[in-house]
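# Descriptive structure summary
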Amino acid sequence: MDVTALLWIAAVALMTVGLVGTVLPALPGVAFVLAGIVLGAWIDDFVRVPVWVILLCALLAVVAWVSDYLATVLGARRAGASTLALIGAAVGTVVGLLMGLVGVLVMPFVGAVAGELIVRRQAPQAVKVGLATWIGLLVGTIVKFVLACTMIGLFVGALLV
């Protein structure tokens, strides 16, 4: 197998791992997608995928990172979440990775509720914070996934044109 084929395999692998990483918080998904796109464009000396496409994808990556962060934090803060609730959601997310899809979906909520209960000891408020944090994480993940797919679409469109 020649070097070019290996580089294309690496580019596709980076983008694939990146898409998975947009859903699994342990992986910097959008960064992997962007790295795969840059590698793919570089393989062809930026002939079929011009630099402006790379710059647009980089801008979309920044938007994805910012929107993911803002969706989570604003969702939690809007419900009056404590810092420990946010930390609990992050820890819950990591623990959830070990539990499969159900864990990834449920454990951020559990972690946020646990963190809020430690700080305020009020179950109704803790559930409200947990739900708001979970919704923020979900919205951020969906936005991040859609933007990563858009980046890949731009790249593939440039390759095919």
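About the thresholds
Residues numbered from 1 in each chain as written. Predicted model: local features only at pLDDT ≥ 70, side-chain atom pairs only at ≥ 80, totals over all residues. Heavy atoms only, no water. Axes fitted to C-alpha atoms, helices over the stretch in contact; angles between N-to-C directions. Helix = DSSP H or I, 4+ residues; strand = E, 2+ residues; numbered from the N terminus. Left-handed = near helix turned anticlockwise from the far one by under 90°. Contact = heavy atoms within 4.5 Å. Nonpolar A, V, L, I, M, F, W, Y, C, P; charged D, E, K, R; others polar. Disulfide = S-S within 2.5 Å. Buried < 20%, exposed > 50% of the residue type's maximum accessible area, 1.4 Å probe, protein only. Salt bridge = Lys/Arg side-chain N within 4 Å of Asp/Glu carboxyl O. Expected span 1.5 Å × (residues − 1). Core = buried A, V, L, I, M, F, W, Y, C linked by side-chain atoms within 4.5 Å. Phe/Tyr/Trp six-rings, centres within 6.5 Å; stacked < 30°, edge-to-face > 60°.

### Focus: the packing of helix H5 (residues 101–120) against helix H6 (residues 123–160)
As a packed pair, H5 and H6 sit with axes 8 Å apart at the nearest point and diverge in direction by 145 degrees. Here H5 runs over H6; the crossing is right-handed. Across the interface between the two elements, Leu-105, Pro-108, Phe-109, Ala-112, Val-113, Glu-116, Leu-117 and Arg-120 from H5 touch Ala-123, Gln-125, Ala-126, Val-127, Val-129, Gly-130, Leu-131, Thr-133, Trp-134 and Leu-137 from H6. Tallied by class, the residues present in the contact of H5 with H6 amount to 13 nonpolar, three polar and two charged.

### Some remarks on the state of the cysteines
Scanning the model with the defined rule gives zero disulfides in all. Cys-149 supplies the cysteine sulfur nearest to Cys-57, a cysteine that is in no disulfide, at a spacing of 12 Å. Owing to a relative accessible area of 0%, Cys-57 belongs among the buried residues under this scheme. Judged by relative accessible area, Cys-149 falls into the partly exposed class, the value being 32%.

### Quick word on the pattern of salt bridges
A side chain of one charge can pair with a side chain of the opposite charge when the charged atoms of the two come close. Tallied over the entire structure, the rule returns three salt bridges. A salt bridge links Asp-68 to Lys-144, with the shortest nitrogen-to-oxygen separation between them at 3.2 Å. Here the residue Asp-68 occupies a position in helix H3 (residues 51–78), and Lys-144 occupies one in helix H6, the gap between them amounting to 76 residues. The exposure class assigned to Asp-68 is buried, which follows from its relative accessible area of 19%. On the basis of relative accessible area, Lys-144 is assigned to the buried category, the value being 11%.

### A word on H5
Between its first and last C-alpha, H5 extends 29 Å over 20 residues, near the 28 Å set by a 1.5 Å rise per residue. Residues Gly-103, Val-104, Met-107, Pro-108, Gly-111, Ala-112, Val-113, Gly-115 and Glu-116 constitute the buried set of H5. Close packing links the buried residues of H5 with helix H1 (3–23), helix H4 (83–97) and H6. One or two positions beyond H5, positive phi appears at Arg-121, with a value near 55 degrees.

### Observations regarding the side chain of Ser-82
Within the element layout of this structure, Ser-82 appears in the loop between H3 and H4. When near neighbours in sequence (up to four residues on either side) are disregarded, Ser-82 contacts Arg-77, Gly-115, Glu-116, Val-119 and Arg-120.

### Looking at the nonpolar core
Counting 23 residues, the largest nonpolar core has Met-15, Val-33, Ile-37, Val-49, Cys-57, Met-151 and Phe-155 as its most contacted members. Broken down by secondary-structure element, the contributors of at least two residues to this core are H1, helix H2 (29–43), H3 and H6. The contacts of Cys-57, once residues within four sequence positions are left out, are Leu-34, Ile-37, Met-151 and Leu-154. Counting residues in each nonpolar core, the second largest holds six residues, with Ala-76, Ala-81, Ala-85 and Val-129 among its members.

### Some thoughts on the packing of aromatic side chains
A full pass over the atoms with the stated rule returns one aromatic pair. Note on Trp-8 and Phe-155: the rings are 6.4 Å apart at their centroids and 45 degrees apart in plane angle, and the pair reads as tilted. One end of the pair, Trp-8, is in helix H1; the other, Phe-155, is in helix H6, and 147 residues separate them in sequence. The exposure class of Trp-8 is partly exposed, given its relative accessible area of 23%.

### Digging into H3
The end-to-end C-alpha separation of H3 is 39 Å, in line with the 40 Å expected for 28 residues at 1.5 Å each. In the segment just after H3, Gly-80 is the residue with positive phi, at about 80 degrees.

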